[in-house]
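# A look at the structure
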Amino acid sequence: MNGQDRQGKRIMDRKLNINVTIEGIQLPLTVANTEEEKVYRDASSLIQNRLKVLRDTYPTLPNDKYYYAMAMLNTAVDAVRASMRTDSAPFMEAIKDLEAEMDGILR
């Protein structure tokens, strides 16, 4: 069909309906494409793995809310750290440019 359905709409433009499961809860989602689907599935696996590690590391916490809160906090810390690394890239480039200019002036 050359990438089009019967209505002439591009197949790649279709949204995908998927389900991811976290802690036995099925979450129905609509994603833009298979790449986004992979991101959501990988994120779901990351959460499940993080909860397992926390349960193994701290087996005596009073209830699941503690594990969920710790997992959310760890995930948020990772996101903040990644954001800080990403945000510093333009500054590092500017510093390199300034160093190059200074080297040129001092020669």
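Residues numbered from 1 in each chain as written. Predicted model: local features only at pLDDT ≥ 70, side-chain atom pairs only at ≥ 80, totals over all residues. Heavy atoms only, no water.

## Overview of the overall build of the protein
Threshold: We count a stretch as a helix when DSSP gives it H or I for four or more residues in a row; a strand needs E for two or more, and each element gets its number in order from the N terminus. Whether a residue is buried, partly exposed or exposed follows from its accessible area with a 1.4 Å probe, protein chains only, as a fraction of its type maximum: under 20%, in between, or over 50%, in that order. What makes two residues a contact is simply this: any of their non-hydrogen atoms within 4.5 Å.
Regarding its fold elements, the protein presents two helices and two strands. Taken from the N to the C terminus, the helices and strands of the protein come in the order β-β-α-α. Within the span of the protein, comprising 107 residues, buried residues form 11% of the whole. Restricting to contacts in the protein with at least 6 residues of sequence separation, those with at least 24 account for 16%.

## Brief notes about a nonpolar patch on the surface
We count it as follows: Nonpolar side chains (Val, Leu, Ile, Met, Phe, Trp, Tyr) are joined into patches within 5 Å and like charges within 9 Å, using only residues with over 30% relative accessible area and no salt bridge. Using a 1.4 Å probe, the Shrake-Rupley method yields the accessible areas, and only the shown protein chains count as cover for residues. Here, a salt bridge means any side-chain nitrogen of Lys or Arg that lies within 4 Å of a carboxyl oxygen of Asp or Glu.
A surface patch of nonpolar side chains, about 390 Å² in accessible area, is lined by Met102, Ile105 and Leu106. With respect to the helices and strands, Met102 occurs in helix α2 (residues 64–106).

## Concerning the pairing of strand β1 (residues 16–22)
Our working rule: Pairing between strands is defined by DSSP: at least two bridges between the two strands are required.
For β1 and strand β2 (residues 25–31), the ladder comprises seven bridges, and the chain directions are antiparallel. If you follow Asn19 over to β2, its bridge partner there is Pro28. Counting the residues in the hairpin turn of β1 and β2 gives two residues, including Glu23, whose phi is positive at 55 degrees.

## Looking at α2
Helical geometry: 3.6 residues make up each α-helical turn, so side chains three or four residues apart lie on a common side. Threshold: Here the expected length of a helix is defined as 1.5 Å per residue gap, with one fewer gap than residues. We define the bend at any residue as the angle between the axes fitted to the seven residues before and including it, ending there, and the seven starting there. The term polar contact refers here to a pair of N or O atoms within 3.5 Å; inside protein, the definition further demands a hydrogen-donor-capable atom paired with an acceptor-capable atom, and it admits residues adjacent in sequence only when both atoms are side-chain atoms.
Look at α2: 62 Å from first C-alpha to last across 43 residues, which is about the 63 Å you get at 1.5 Å a residue. The sharpest bend along α2 measures roughly 30 degrees and falls at Ala89, with the proline Pro90 sitting one to four residues further on. Capping of α2 at its N-terminal end is provided by Asn63; its side-chain oxygen lies 3.0 Å from the backbone amide nitrogen of Lys65.

## A closer look at unusual backbone geometry
Excluding glycine, residues mostly carry a negative phi; peptide bonds, for their part, are mostly trans. Even without glycine at this site, Glu23 takes up a positive phi of about 55 degrees. According to the relative accessible area criterion, Glu23 is partly exposed, its value standing at 26%.

## Focus on the packing of helix α1 (residues 34–57) against α2
Operational definition: Note on geometry: axes are lines fitted to C-alpha atoms, helical ones only across the stretch in contact, with angles between N-to-C directions running from 0 to 180 degrees. When an angle is under 35 degrees it counts as roughly parallel; over 145 it counts as roughly antiparallel; between 65 and 115 it counts as roughly perpendicular; any other value is oblique. Working rule for handedness: look at the near helix, and if it is turned counterclockwise from the far one by less than a right angle, call the crossing left-handed; if clockwise, right-handed. When residues are grouped by polarity, Ala, Val, Leu, Ile, Met, Phe, Trp, Tyr, Cys and Pro land in nonpolar, Asp, Glu, Lys and Arg in charged, and all others, Gly among them, in polar.
Here α1 crosses α2 at 120 degrees, and the two axes come no closer than 9 Å. If you check the angle between α1 and α2, you find them oblique. The way α1 lies across α2 gives a crossing that is right-handed. In contact with Arg50, Leu51, Leu54 and Arg55 of α1, α2 contributes Asp64, Tyr67, Tyr68, Met70, Ala71, Asn74, Thr75 and Asp78. Classifying every residue of the contact of α1 with α2 gives six nonpolar, two polar and four charged.

## Here's the deal with the confidence of the model for the protein
As a reminder, the rule being used: A score from 0 to 100, pLDDT tells how confident the predictor is in each residue.
Within the protein, residue pLDDT values average 85, and 88% of them lie at 70 or more. Mean pLDDT in the protein bottoms out at α2, which sits at 83, and peaks at β2, which reaches 97.

## A closer look at α1
Taking 1.5 Å per residue, 24 residues should reach 34 Å; α1 reaches 34 Å between its end C-alpha atoms and fits that length. All of the buried residues in α1 are Glu37, Ser44, Arg50, Leu51 and Leu54. Along its buried surface, α1 packs onto β1, β2 and α2. The opening residue of α1 is Asn33, an N-cap whose side-chain oxygen sits 3.1 Å from the backbone nitrogen of Glu35.

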